[in-house]
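Working through the structure, step by step
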Amino acid sequence: MIARCARCQGTFSTDRFGRQTCPHCGSELLLQDPSAPQPAGGSPQGAPPPGAEPPAPPSPPAGGSPPPPQPPAGGYGPPGGWAPPPGGGFGGPPGGGWGGPPPGPPPELPSPFAERGTRGFFPAFFETWKLVATRPAEFFRRVRADQTGSAILFGVIATTVGQAVNALYSWLQFASGMVGFEQVMEKMPQAQTRFFELYRANLPAFLLGSVVLAPVMTFISIYLAAGIVHLLLMLFRGAKRPFDATLTAVAYAEGLNLLMVVPGCGGLVALVWGLVVLIIGLGEIQRCGAGKAALAVFAPLILVCICCCGIAGVVAPAFLKGLGEAAKQGKSVNL
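Note that this is a predicted model, so its numbers are computed, not measured. (Residues numbered from 1 in each chain as written. Predicted model: local features only at pLDDT ≥ 70, side-chain atom pairs only at ≥ 80, totals over all residues. Heavy atoms only, no water.)

Quick look at a nonpolar patch on the surface now. Together, Leu 208, Val 212, Leu 213, Val 216, Met 217, Phe 219, Ile 220 and Tyr 223 make up a nonpolar patch on the protein surface, roughly 780 Å² of accessible area in all. Taken together, the elements giving at least two residues each to the nonpolar patch come down to helix H5 (190-212) and helix H6 (214-235). Position of Phe 219 among the secondary structure elements: in helix H6. What makes Phe 219 partly exposed here is its relative accessible area of 40%. (Patch = residues over 30% accessible without salt bridge, like charges linked within 9 Å, V, L, I, M, F, W, Y side chains within 5 Å. Areas by Shrake-Rupley, 256 points an atom, 1.4 Å probe, with all protein chains shown as cover. Salt bridge = Lys/Arg side-chain N within 4 Å of Asp/Glu carboxyl O. Helix = DSSP H or I, 4+ residues; strand = E, 2+ residues; numbered from the N terminus. Buried < 20%, exposed > 50% of the residue type's maximum accessible area, 1.4 Å probe, protein only.)

A few words on the packing of aromatic side chains. The relative placement of two aromatic rings is captured by the distance of their centres and the angle of their planes. Under the defined criterion, the tally for this structure stands at 13 aromatic pairs. Measuring from centroid to centroid gives 5.4 Å for Phe 154 and Tyr 252, while their planes differ by 50°, and the two rings are tilted. A residue pair is termed long-range when its members are at least 10 positions apart, and Phe 154 in helix H4 (residues 148-185) and Tyr 252 in helix H7 (residues 243-254) qualify at 98 residues. Comparing Phe 154 with Tyr 252 shows no difference in burial state: the two are buried. Aromatic ring contacts, followed pair by pair, group Phe 113, Phe 121, Phe 122, Phe 125, Phe 126, Phe 139, Phe 140, Phe 154 and Tyr 252 into a single cluster. (Phe/Tyr/Trp six-rings, centres within 6.5 Å; stacked < 30°, edge-to-face > 60°.)

This part takes up the packing of H6 against H7. Their axes nearest at 9 Å, the elements H6 and H7 cross at an angle of 130°. One way to sum up the angle between H6 and H7 is to call them oblique. Pair H6 / H7 crosses with right-handed handedness. The residues of H7 that touch H6, namely those facing Thr 218, Ser 221, Ile 222, Tyr 223, Ala 225, Ala 226, Gly 227, Val 229, His 230 and Leu 233, are Phe 243, Thr 246, Leu 247, Val 250, Ala 251 and Glu 254. (Axes fitted to C-alpha atoms, helices over the stretch in contact; angles between N-to-C directions. Parallel < 35°, antiparallel > 145°, perpendicular 65-115°, else oblique. Left-handed = near helix turned anticlockwise from the far one by under 90°. Contact = heavy atoms within 4.5 Å.)

It is worth spelling out the nonpolar core at this point. With 42 residues, the main nonpolar core has Phe 140, Tyr 252 and Leu 282 as its most contacted residues. Counting residues per element, the ones that place at least two in this core are helix H2 (121-134), helix H3 (136-142), H4, H6, H7, helix H8 (266-285) and helix H9 (290-334). It is H7 that contributes the most residues to this core, seven residues altogether. With near-sequence residues (within four places) excluded, Tyr 252 lies in contact with Ser 111, Thr 128, Val 132, Phe 139, Phe 140, Val 143, Ser 150, Ala 151 and Phe 154. Of all hydrophobic cores here, the second largest spans seven residues; its members include Ala 3, Cys 8, Leu 29 and Leu 31. (Core = buried A, V, L, I, M, F, W, Y, C linked by side-chain atoms within 4.5 Å.)

Scope: geometric values only; no functional claims are made or implied.
Following this line, the structure appears as structure tokens:
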């Protein structure tokens, strides 16, 4: 059966009633057996008798700060977002002071998309997208890192939809441009005309193939990017948590590719925004900070640029030398 923790609202499977320990936050809870006989008086076991005062909360230790408030029921706070971590803010220790010990990590919560079975598919998808795009630090600080299946599905769906709409835009632009380009093709040589005819005939199949293969290619790219980034984080001593945490950050950041549905600059905005979200998300979910996360994300790009510059530095002199010799031979022939 499925049980839900009253503290962190995480769900887990169990095969017995009685006292349980939440595998997410470690709190102890009591699962009542509905078929068990009730004690005399009709009150369930462990509940106070009718009319009795509820037990008073434990008093704080002398000289210490009061215990932090528990997360509200539902785990996400008010409708439309997550609740702030215990202590009343993001960045200060519990109780609002700065003289006590640093607070521990907040309890992890499932993303709204991971609860799409109860929330509804589309509300859960767009709620998760809004959290990833507008509140990445808070989202990745508290999201569970063991639900990689939901994270990958989220990234695959968002990227596939974005590429499908972008392919439709490309086809419409090409079709509208070819109407006026046909008159220009009549004045072109036959070889060039044949090339454009071949391009026009194969473009629909190419765009359709890119859309059909988008889920598979996105799935592969998520795992490939997560593997490279996680290895670099280990190299820079920034991998504080297992590979699943890095995979979760990369997959949810991939969801920003949904911005490709915006015509024109949607692809560029998705690329830049996705990189920013990925750096923030890696720093929070791996507890390594944005500096090491940015280094792990941009290190492959820097390495590619260095390799390209090195190849250009080796090839360019030989190319220029060949051009010079060809020019000299041309002059000698003319003479």
